[in-house]
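# Descriptive analysis of the structure
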Amino acid sequence: LRILLLGSGGREHALAWKLSQSPYVEKIFVCPGNGGTANLSKTMNLDHISAGDFAALIEFSVRHQIALVVPGPEQLLVDGVETHFRKVGIPVFGPNCLAARMEGSKAFSKDFMERHSIPTANFEVFASHQIEQAIAYVKSCNHKVVLKASGLAGGKGVLLPNSVGEAISGLQEIMVDSAFGSAGDLVVVEERLEGPELSVLAITDGYTIVPLPAAQDHKRIGEGDTGLNTGGMGAYSPAPVATPVVMEEIMSKALKPTIDGMRKEGFPFVGVLFTGFMLTASGPKVLEYNVRFGDPETEAILLLLSEDVDLSSVFMACVEHRLDSVTLTFKPGFAVSVILASQGYPGGYEKGKTIEIAPIQSPDVVVFHAGTTIAGDKLVTSGGRVIAVSAYSPTLQGALDAAYAGVEAVSFEGKTYRRDIAHSALSAASG
Ligand code: ATP
């Protein structure tokens, strides 16, 4: 099997790492890839083609007999990568552009949830010329609100105002000043919920749904969840708040109605559906859908797959709508991923810092690369999130100890990371 993997983050390195363990996988071309995917035994980076240049990728894929395309980032899915490859008979592990609207348009996904009675925050949608109506709605709410640019905004399009005044300024930023560009052409104003958050990634062929162990990520740059939002500074899985009862409710009230509803409405979902939940006092509620693997959740969760799970066979079963024919099993225990970022991220930061990685003895610690590249004979930083150090252990404390030992093995100028990944789960477990 020859695979084309699209993207350049830690998520893609983790996918390449797991896929390359399959005896059926002969070669993985990663476009554009990073310093980590440049060095795996079966991978080759395609940095001369842009991941958004579908014509060039199809020409390459036909010539090299690619059997499966695995896109990482959402933009490619929203832009219709699946349809382009389907036209030449190459399957894509990911939804088509109609199904990708579940992430590409929050207005669309909220309406979908309403149609299918999927628990979510109460909401209204406003077009940018409806600022007066949006302000009147905010004033009429007897609860705090959240403002969301409907379109893709790189994880930055959500505002959490603390007063009606702040909410009105937020609406002006999105609707008048176009702070998020055309992503803010529609704005979702929704009820602010409270509770722990949970990420549930589920693999599906449009019929069968297999949830992966639930994860929690850490969005803020600072310890104790302070400072600016980032792409994610770490994750762990399974999250102890995801009890069997909670997971059962999530499956029956959210995941199943979502996948069944999409199929019945004519845009069946194939790939990984990432559903963000808030576990409120009145049960789990959907905050958002993502139509692809999460980053950094993937760098943790893939370490939990049993050794005998062949990820390429799972992906092929999905694109052939026979996921019920494969068994996905997970190791007992915990996986943790700690992100090492460049100093200054998520604001401005310098690139090109030399990275040294000392040998790590434990087979349960894996150093995934994100913003790294090879310059001459050196590995250097090339992005805000540089490395994801992931570790598996039978206990959460063991996984944390192993991951932070791995963090010590990586050095580059300005290395920035949070020391409190998963600490709330640890204190909940001990308290
Ligand atoms: P992501 O980077 O996860 O893709 P996004 O920009 O698509 O983010 P959401 O996940 O919808 O947006 O929201 C981002 C964050 O805002 C959530 O993780 C959550 O912390 C907070 N949030 C979103 N909706 C609500 C809500 N209704 N009540 C409280 N907090 C919320």
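Before any of the text, the structure's been laid out above.
Predicted model only: the values in this text are computed from it and were never measured. (Residues numbered from 1 in each chain as written. Predicted model: local features only at pLDDT ≥ 70, side-chain atom pairs only at ≥ 80, totals over all residues. Heavy atoms only, no water.)

## A closer look at the overall build of the protein chain
- For the protein chain, the count of helices and strands is 13 helices and 23 strands.
- Taking 2.2 N^0.38 as the reference for a compact globule, 431 residues should give roughly 22 Å; the C-alpha atoms of the protein chain span a radius of gyration of 21 Å, in line with that estimate.
- Based on the C-alpha atoms only, the size of the protein chain along its principal axes is roughly 60 × 45 × 45 Å.
- Going through the 431 residues of the protein chain one by one, you find that 57% of them count as buried.
- Once local pairs closer than 6 in sequence are excluded, the contacts in the protein chain between residues at least 24 apart make up 68%.
- Distance from the positive charge centre (34 side chains) to the negative charge centre (46 side chains) of the protein chain: 2 Å. (Helix = DSSP H or I, 4+ residues; strand = E, 2+ residues; numbered from the N terminus. Rg over C-alpha atoms; globule rule 2.2 N^0.38 Å. Buried < 20%, exposed > 50% of the residue type's maximum accessible area, 1.4 Å probe, protein only. Contact = heavy atoms within 4.5 Å. Lys, Arg positive; Asp, Glu negative; His and termini not counted. Charge placed at Lys NZ, Arg CZ, Asp CG, Glu CD.)

## Some words on the environment of Gly333
- Position of Gly333 relative to the elements: it lies in the loop between helix 11 (311–319) and strand 17 (334–341).
- Between the C-alpha atom of Gly333 and that of Ser393, which follows or precedes it by 60 residues, the distance is 5.8 Å.
- When neighbours within four sequence positions are excluded, Gly333 is seen to be in contact with Ser237, Pro238, Leu304, Tyr392, Ser393 and Pro394.

## Let's talk about the layout of surface pockets
- A volume near 230 Å³ is recorded for the second largest pocket.
- Around the second largest pocket, the lining comprises 13 residues; the ones closest to its centre are Glu82, Arg86, Val92, Val270 and His321.
- Its residues assigned to classes, the lining of the second largest pocket comprises seven nonpolar, four polar and two charged. (1 Å grid on protein atoms, 1.4 Å probe; cavity = no way out; pocket = protein on both sides within 12 Å on 5 of 7 lines; lining within 4 Å. Points joined across faces, edges and corners; volume = space filled by probe spheres on them. Nonpolar A, V, L, I, M, F, W, Y, C, P; charged D, E, K, R; others polar.)

## Observations regarding empty space enclosed by the protein
- Per the stated rule, a full pass over the model turns up one cavity of 30 Å³ or more.
- Taken together, Pro71, Leu77, Phe93, Gly94, Gly271, Val272, Val291, Arg292 and Phe293 form the lining of the largest cavity.
- Split into classes, the residues belonging to the lining of the largest cavity amount to six nonpolar, two polar and one charged.

## What to know about the nonpolar core
- Within the largest apolar cluster, 74 residues are counted, with the highest numbers of intra-cluster contacts made by Leu4, Phe85, Leu198, Phe277 and Val336.
- Not counting chain neighbours up to four residues away, the residues in contact with Leu198 comprise Ala214, Ala215, Gln216, Ala239, Val241, Ala242, Val246, Ile250, Thr275, Gly276, Phe277 and Leu279.
- By size, the runner-up hydrophobic cluster in this structure holds 47 residues, among which are Leu201, Ile301, Leu305 and Val314. (Core = buried A, V, L, I, M, F, W, Y, C linked by side-chain atoms within 4.5 Å.)

## Regarding the packing of aromatic side chains
- In the structure shown here, the tally under the stated rule is 10 aromatic pairs.
- Measuring from centroid to centroid gives 6.4 Å for Phe93 and Phe293, while their planes differ by 35 degrees, and the two rings are tilted. Of the two residues, Phe93 sits in the loop between helix 4 (81–87) and helix 5 (101–104) while Phe293 sits in the loop between strand 16 (283–290) and helix 10 (297–301), which places them 200 residues apart along the sequence.
- An aromatic cluster of at least three residues, connected via ring pairs, comprises Phe93, Phe293 and Phe315.
- Positioned above the aromatic ring of Phe267 is the side chain of Arg101, whose terminal nitrogen or guanidinium carbon lies 5.1 Å from the ring centre. (Phe/Tyr/Trp six-rings, centres within 6.5 Å; stacked < 30°, edge-to-face > 60°. Lys NZ or Arg CZ within 6 Å of the ring centre and 35° of its normal.)

## Considering the sheet that holds strand 17
- The antiparallel open sheet is built from five strands, whose spatial order is 11-14-17-22-19. Where the open sheet ends on each side, the last strands, each with one partner, are strand 11 (216–217) and strand 19 (365–369).
- Where strand 19 and strand 22 (residues 385–393) come together, five bridges link them in antiparallel fashion. Bridge assignment links His369 to a residue of strand 22, and that residue is Ile387.
- Contacting strand 14 (234–237), strand 17, strand 19 and strand 22, helix 12 (residues 396–408) runs over the sheet at an angle of about 30 degrees to strand 17. (Pairing = 2+ DSSP bridges. Axes fitted to C-alpha atoms, helices over the stretch in contact; angles between N-to-C directions.)

## As for the pairing of strand 19
- In terms of burial, strand 19 is largely enclosed, as five of its five residues are buried.
- Side chains Val365, Val367 and His369 of strand 19 all project onto a buried face; the interleaved residues Val366 and Phe368 project onto the opposite face, where all are buried too.

## Some details on the site of the ligand
- Near the ligand lie 17 residues; those nearest to it are Lys106, Glu190, Leu193, Glu197 and Glu288.
- Within the side chain of Lys106, one N or O atom sits 2.8 Å away from an oxygen atom of the ligand.
- Compared with its free state, where it exposes 600 Å², the ligand has 86% of that area covered by protein.
- Looking at the shell around the ligand, the elements with two or more residues in it are strand 6 (145–149), strand 8 (186–191) and strand 16.
- Sort the elements by how many residues they give to the shell around the ligand and strand 16 lands first, with three residues. (Near = heavy atom within 4 Å. Polar contact = N/O pair within 3.5 Å; in protein donor to acceptor, adjacent residues only side chain to side chain. Areas by Shrake-Rupley, 256 points an atom, 1.4 Å probe, with all protein chains shown as cover.)

So, to be careful, I would describe these as geometric facts and stop short of saying anything about function.
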